[in-house]
Amino acid sequence: MLAHWLILVVSFIYLGLLFAIAYYGDKRADAGRSIISNPYIYTLSIAVYCTAWTFYGSVGRAATTGVGFLPIYLGPTLMAALWWLVLRKIIRIAKVHRLTSIADFIASRYAKDPLVAGIVTIIALVGILPYISLQLKAVSTSFNVLYAYHSPSQPHPTSLWSDTALYVALLMAVFSLLFGTRHIDASERHEGMVAAVAFESMVKLAAFLIAGVFISYYLFAGPSELVLDAINSPKLAKLMELEALPGGYASWFTLTFLSMSAILFLPRQFHILVVENVNEEHLRKASWLFPLYLLAINLFVLPISLAGLILFPAGGVDPDTYLLTVPLFAGQELVALFVFLGGLSAATGMAIVATIALSTMICNDLVMPVLLRLRSFRQGNLGSVLLAVRRASIIGILLLGYAYFRLIGESYALVTIGLLSFAAAAQFAPPILIGIYWRRASRKGAIAGLLAGFGLWAYTLLIPSFAISGWIPAVFLEQGPFGLELLRPYHLLGLGMFDPLTHSVFWSMLANVGLLVGVSLFDRQNAMERLQATLFVDVFRHGESDTRLWSGTATVSDLKGLLARFLGAGNAEKAFAAYGVEHGMDLRTRVQADSRLVGFAERELAGAIGAASARVMIASVAKGEEISLEEIMRIIDETSQVIEYSHRLEEKSRELEQTTAELRGANKRLKELDRLKDEFISTVTHELRTPLTSIRSFSEILRDHPNLSAEERQQFLEITVKESERLSRLINQVLDLAKIESDSVEWTEELVDLKQVIGEAVGSMGQIFREQDIDLEKSEPPAPVSVMGDRDRLIQVVINLLSNAVKFCEPGAGRVTVSLASRPGRARVEVADNGPGIHPDEQEMIFEKFHQLKGLHDEKPRGSGLGLTISQRIVAHHGGRIWVESEPGAGARFIFELPLVGIAGEVRVKQTRFATVREGNKGRRPDNSSRKGEE
Amino acid sequence: MPEAKRRNERLIVLPLVGIIALNYPLLSLFSRVKLHFGVPVLYLYLFAVWLAFIFCVAVTLEKSTPPPEPREAEPKKPRSG
């Protein structure tokens, strides 16, 4: 048996350790080296969610309802996935507007209305007080179990002064006073408290896991063993089905929903998640580490409760205490002591954070608005008043919690009280969630929704709990007030299909959401509401600068004086100096404050006394009028415009990048073309030199040897003439190609019959064919084949192909066929020879400039190497294509195709021509101008 | 910022999937007195979904680099009024 004094000493040592950690955390924060600024401490501090209720109550709940304890942790897990989207927005809003409590947040969204803040505070107070008393009850119960387990007479604490819960409450009050109200500051952050809470989260997790391992593996042969034992008992086997949960799936869903909203909107969770958040980025890790913590702390719940049920089959032991009674039963008092410390951690952590959060709300949103109305408080230093109010409210809250526990707590199981608070906190979800995404949600809507939701919650859940405790007659529950059956609290309007919790949540949420949305739809928002709504909804778009609201007629000294009254002269001086440095102005020489400075002062003040009160105070020194609706809209529009511009700027720069890339590509192509041009010139020069050299050398022979025979002379002169012909042909072709490539050719466009074209080409080539004794055959359809194009150029193409064919045919044995055919949509001209053919490798290159077929039966190249290139360009200009089909040894077939012209086509072309005229010269001229002469 | 947008979409879909998986009627499929690996099937299912969900959230949030300007979460502005 554990000695009374031992438990007390251990508890005090533990609490002393907490004080030390908190003290150290505060010292480090003062030195600017925060120990809590990392996602792990943040995650652990969020675990303040797991209270004594989790610690003892989960086991108790599992023992009676099976999986019924789990939705309380599954809900936050589901919600955590949305933190990055929803909670990050809430945090950003709270930081921009310096909001330091959930009441402040809701009030600020709805036009900074003190009435809204007051309502939220009262709901929070009424809703959370039972929860705080629950923690005291847990500590008290666990202490008694630990102390009196083996003593026969289980003494019940009747005397006030011998009740541990009172001392625990007082100790918590001292801690909260020391670390929650050390000073008034604009950020309302308490690093020491957060550090202590994080430490407590580690202790309670460790204690639970140790107890779980000990019970499952030391007392039993492992969790599977426990489960096997349980499954053989019909009573315990039921716990493995969901049907063990009263209310079934509806209740399951309600619990999930409630815990989803509780993780964000219980005042203590809001305080830890939003107000104490150091860096939004921490959410990234917390979003999955915190659910992992929840999973870990729930692993052994089922084994422990099964162990309790197996060890105490007769009942008589409260399932809520299994965590302590099972180790005690096994005689392991040290384990039980450690479990007790874990429970103490869970209880104190929750109570401290909740008390501090509530005291801020009570001070800023209930007491200050009243005090500020009193004339005597308009002057003088109010900082000390603020602190006094907060300290008084901390003590008040904890004592009230204790009183509640003494009066009512004994009759209620832990879980039921906790769920009462969850349902109260859920009332904050609609005004916040709808408020930060829907601009039109109005102040009146929020007030109506909150009041109705709270009223229904109280009527269907809180008042019945009084009835159960015997404060009011139980007949109220069964028959309704004044015997009105329709108003029975658990069966409102006769709705009887749900368990009381689901019933209450359904009605209160229906009223809350319904009135918020319904009233907003018919309400007309005033300027202030619209401004705040826009700033909240678009917080990621509007920066801090948009929170200015006053036209500047306040003086700097007035503002500074006002801040000094609440924050102290030193802090006010510091804040103004920091502002001056940031905005590059010397505030000591300024008299008039501009609207930005007024906005800044209001935000600083809001951090200390709440947004609603800060507004009242600023209004008392800023003599200027509130900005008109038009002006507010102008400010918002301006910002939207700036954002619009910056979006456009981004787009422009993207376009610019794209253009740069295109330019780079074009430059590369140009360089390539330049290289090709150089190559072209050097090739041309080389080609020109060959005939020139031979002309020159033969001329020299003729000059130097006057005695040459007439025959020889004749031969040399003929060579000279031929070479000069070749030279001029080459020059003509080069000029031709250059013209085509530079697009300076004057193309004519007319209806051309390809039969005529071929006829003319064959006519002009006839002499050469006859000279070489090469057969030339023609095959063509009877009807004319018309295309649109330049007649002379097309003749040139056919001539090129024919002369090409001649060149490669064996004189005497050669045969060349020209055939014309019209295919659907296009005309096809084919020039085939029976020459040596072209190697497949060369078929591609043959159309390139100066590409000459070599290594055939003549060492000297026979063409200029430009004929095919020119032909290809001409055909391409007409929208057709040219290619070669050949197999070595089997001759070559050059084929080109041109688009055919029908009657409709002619019309189209005429229009095109007209368009070309109108468009002016684009390198081409319409065909009725001078026809280009043949070179 | 299509990457951030895709991540946000996943973050919205995940809880929806979770709510469906952890409620009636899917849940009722596992509500029976039966053991798997020495664990009641209902518990096994709940904890498995739980762990898988945490894993998905972790992967979604941790693999994306912090956005330089967190404005992308907002829809395009319609003006109030």
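Look above for the structure.
Residues numbered from 1 in each chain as written. Chains lettered and ligands numbered in written order. Predicted model: local features only at pLDDT ≥ 70, side-chain atom pairs only at ≥ 80, totals over all residues.

**Points about the overall build of chain B**
Note the following rule: Segments assigned H or I by DSSP are reported as helices when at least four residues long, segments assigned E as strands when at least two residues long, and all are numbered from the N terminus. Here the C-beta atoms are placed from the backbone, and a residue counts as buried if at least 20 other C-beta atoms lie within 10 Å of its own, exposed if 12 or fewer do, and partly exposed otherwise.
The number of helices and strands found in chain B is two helices and two strands. The secondary structure elements of chain B, listed N-terminal to C-terminal, are α-β-β-α. With 81 residues in all, chain B has 22% of them scored as buried.

**Quick look at the nonpolar core**
Residue and element names in this part refer to chain A. Rules: Residues enter a nonpolar core if they are buried, belong to Ala, Val, Leu, Ile, Met, Phe, Trp, Tyr or Cys, and are joined to the set through C-beta atoms within 7 Å. Throughout, a residue-residue contact means that the two C-beta atoms, derived from backbone geometry, are no farther apart than 7 Å.
Counting 237 residues, the largest nonpolar core has I106, V120, I132, F265, I304, A423 and L605 as the members making the most contacts within it. If near-sequence neighbours (up to four positions away) are discounted, I106 is found in contact with V116, V120, F428, P431, I432 and A446. Core analysis: the second largest hydrophobic core is formed by 41 residues, V752, L794, V798 and V831 among them.

**With respect to the environment of T534 of chain A**
For T534 of chain A, the position within the fold is in helix α23 (residues 527–537). Between the C-alpha atom of T534 of chain A and that of G435 of chain A, which follows or precedes it by 99 residues, the distance is 10.0 Å.

**Some words on the interface of chain B and chain A**
Going by this rule: Here the nonpolar group is Ala, Val, Leu, Ile, Met, Phe, Trp, Tyr, Cys and Pro; Asp, Glu, Lys and Arg are the charged ones; every other residue, Gly included, is treated as polar.
Taken together, the contact between chain B and chain A spans 37 residues of the former and 38 residues of the latter. When residues of the side of chain B that touches chain A are traced back to their parent elements, those giving at least two are α1 (2–21), β2 (39–40) and α2 (41–63) of chain B. Classifying every residue of the side of chain B that touches chain A by side-chain character gives 24 nonpolar, seven polar and six charged.

**Some remarks on the pairing of strand β3 (residues 786–789) of chain A**
Within a regular beta strand, the side chains point alternately toward one face of the sheet and then the other, so they alternate between its two faces. All names here are of chain A. Put simply, the rule reads: Pairing between two strands requires that DSSP report at least two bridges joining them.
Burial along β3 is two-sided: the residues S786 and M788 and V787 and G789 are all buried. Here strand β1 (residues 750–753) runs beside β3; their pairing, made up of four bridges, is antiparallel. Counted as the bridge partner of V752 is V787 from β3.

**Section: the packing of helix α6 (residues 114–148) of chain A against helix α20 (residues 443–469) of chain A**
All names here are of chain A. For clarity, the cut-off: Between N-to-C directions, angles span 0 to 180 degrees; the directions come from axes that are lines fitted to C-alpha atoms, helices contributing only their stretch in contact. An angle below 35 degrees is read as roughly parallel, one above 145 as roughly antiparallel, one from 65 to 115 as roughly perpendicular, and any other as oblique. By convention, the crossing between two helices is left-handed when the near helix turns anticlockwise from the far helix through less than a right angle, and right-handed when the turn is clockwise.
Interaxial distance between α6 and α20 falls to 10 Å at its minimum, and their mutual angle equals 20 degrees. Judged by the inter-axis angle, α6 sits roughly parallel to α20. Regarding α6 and α20, the two cross each other, and that crossing is left-handed. Of the residues in α20, those in contact with L115, V116, I119, V120 and I123 of α6 are R443, A446, I447, L450, L451 and F454. Considering only residue class, the contact of α6 with α20 consists of 10 nonpolar, no polar and one charged.

**What to know about the sheet that holds strand β6 (residues 881–886) of chain A**
Residues and elements named next belong to chain A. Read from one edge to the other, the open sheet built from five strands follows the order β2-β4-β5-β7-β6, with strand pairing classed as mixed. The open sheet has two edge strands, β2 (775–779) and β6, and neither has a second partner. Within the sheet, the average angular offset between the axes of one strand and its neighbour, ignoring direction, is 15 degrees.

**Comments concerning helix α25 (residues 569–583) of chain A**
Residues and elements named next belong to chain A. What counts, and what does not: In this scheme, a helix's expected span is set at 1.5 Å multiplied by one less than its residue total. Working note: the arc is built from the helix axis to C-beta atom directions.
Between its first and last C-alpha, α25 extends 21 Å over 15 residues, near the 21 Å set by a 1.5 Å rise per residue. Where α25 is concerned, the buried positions are A572, A575 and F576. The buried residues of α25 all sit within an arc of 95 degrees when viewed along its axis, so they share a single face. Facing away from the buried surface of α25 by more than 90 degrees, the exposed residues are G570, A578 and V581. Check the buried side of α25 and you find it contacts α24 (556–567) and α26 (595–609).

**Quick notes on the pairing of strand β7 (residues 892–899) of chain A**
Residues and elements named next belong to chain A. The element β7 is extensively covered by neighbouring structure, given that six of its eight residues are classed as buried. Of the pairings in the sheet, the one linking strand β5 (residues 826–832) to β7 comprises seven bridges and is antiparallel in character. Directly across from A827, in β7, lies its bridge partner L898. Where β6 hands over to β7, the hairpin turn is made up of five residues, of which G889 adopts a positive phi near 90 degrees.

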